[in-house]
Amino acid sequence: DNLETVPLKVIVRDPIAKLTLDPPQATVVQGGSIAYALAQVSTKGDSESSFLGVVLTMSDPAGGVLNRDTGALNAGQTRGTYTVTATAENGTTVVATYVVDLEVTAVTLTPVNATGIVGSKVTFASALTYSDKSTADASSRVTLEVSDPTKAKVISPSEVEILAAGSFTVTA
């Protein structure tokens, strides 16, 4: 006689056809964090941002910790490349790659000053300086920009062509 009925809400979802992790790849500073999002796409094409029924695993605990509540990857202190795998109940999986690296504290271009004639090309070398004071070639990792496109243009990741007399600034 004293039994109380409690309504029960049942959610029926269409089967999962695809999972996406965004970003699918990223670089994270040691000890830093980035936001990530998981989307479940049903067989009908409906998309839902939900971790319900999905297991997240990190390839190595040294890479960091995934926080399902905040949608953050808190990077570890060990440099390296790590994968995050999301697996739905039906076995559908998606993998994202995260690189844990040192913080870049400076980008250096060499030469610092250059001169040339119209039509000539100037080749730059670029280097990254990290928080531990180590350096690395950055030629394939930076993009050059010129301050005045009427005076010069970028023609490759490390080369600028002089188009007109005058001065301009090249930044990486």
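Our structure is the block above this text.
Just so you know, these numbers come straight off a predicted model, no measurement behind them.

Caption draft 1: Expanded view of the pattern of salt bridges. A full pass over the atoms with the stated rule returns two salt bridges. For the salt bridge of Asp14 with Lys44, the shortest nitrogen-to-oxygen distance reads 3.9 Å. Taken as a pair, Asp14 in the segment before strand S1 (16-22) and Lys44 in the loop between strand S4 (37-42) and strand S5 (47-48) lie far apart in primary sequence, 30 residues in all. Judged by its relative accessible area of 62%, Lys44 falls in the exposed class. Two residues, Asp101 and Arg79, come together in a salt bridge whose shortest N-O distance is 2.8 Å. Here the residue Asp101 occupies a position in strand S10 (residues 93-101), and Arg79 occupies one in the loop between strand S8 (72-75) and strand S9 (80-88), the gap between them amounting to 22 residues. Residue class for Asp101 comes out buried when judged on its relative accessible area of 11%.

Caption draft 2: The arrangement of the packing of aromatic side chains in detail. Using the criterion set out here, one finds one aromatic pair in the structure. Ring geometry for Tyr36 versus Phe51: centroids 6.1 Å apart, planes at 75 degrees, classification edge-to-face. One end of the pair, Tyr36, is in the loop between strand S3 (33-35) and S4; the other, Phe51, is in the loop between S5 and strand S6 (54-58), with 15 residues separating them in the sequence. The same class applies to Tyr36 as to Phe51, namely buried.

Caption draft 3: Spatial organisation of the sheet that holds strand S12 (residues 121-123). Taken in spatial order, the three strands of this open sheet run S12-S17-S16, and their pairing is antiparallel. The two strands at the open ends of the sheet, each matched to only one other strand, are S12 and strand S16 (152-156). Across the sheet, the mean angle separating the axes of adjacent strands is 30 degrees when strand polarity is ignored. Two strands pair when backbone bridges link them, and S16 and strand S17 (residues 159-162) are joined in this way by four bridges, in the antiparallel orientation. Looking at the pairing, Lys153 lines up with Glu161 of S17.

Caption draft 4: Highlighting the pairing of S17. In terms of strand pairing, S12 meets S17 through three bridges, oriented antiparallel. The partner of Val122 across the bridge, within S17, is Val160. Between S16 and S17, which pair antiparallel and follow one another directly, the connecting turn spans two residues.

Caption draft 5: The environment of Val28, seen in detail. Assignment of secondary structure puts Val28 in strand S2 (residues 25-29). Spatially, the C-alpha atom of Val28 lies 15 Å from that of Arg141, the residues being 113 residues apart in sequence. Not counting chain neighbours up to four residues away, the residues in contact with Val28 comprise Ser33, Ile34, Leu73, Ala75, Tyr98, Val99, Val100 and Asp101.

What counts, and at which threshold
- Residues numbered from 1 in each chain as written.
- Predicted model: local features only at pLDDT ≥ 70, side-chain atom pairs only at ≥ 80, totals over all residues.
- Heavy atoms only, no water.
- Salt bridge = Lys/Arg side-chain N within 4 Å of Asp/Glu carboxyl O.
- Helix = DSSP H or I, 4+ residues; strand = E, 2+ residues; numbered from the N terminus.
- Buried < 20%, exposed > 50% of the residue type's maximum accessible area, 1.4 Å probe, protein only.
- Phe/Tyr/Trp six-rings, centres within 6.5 Å; stacked < 30°, edge-to-face > 60°.
- Pairing = 2+ DSSP bridges.
- Axes fitted to C-alpha atoms, helices over the stretch in contact; angles between N-to-C directions.
- Contact = heavy atoms within 4.5 Å.

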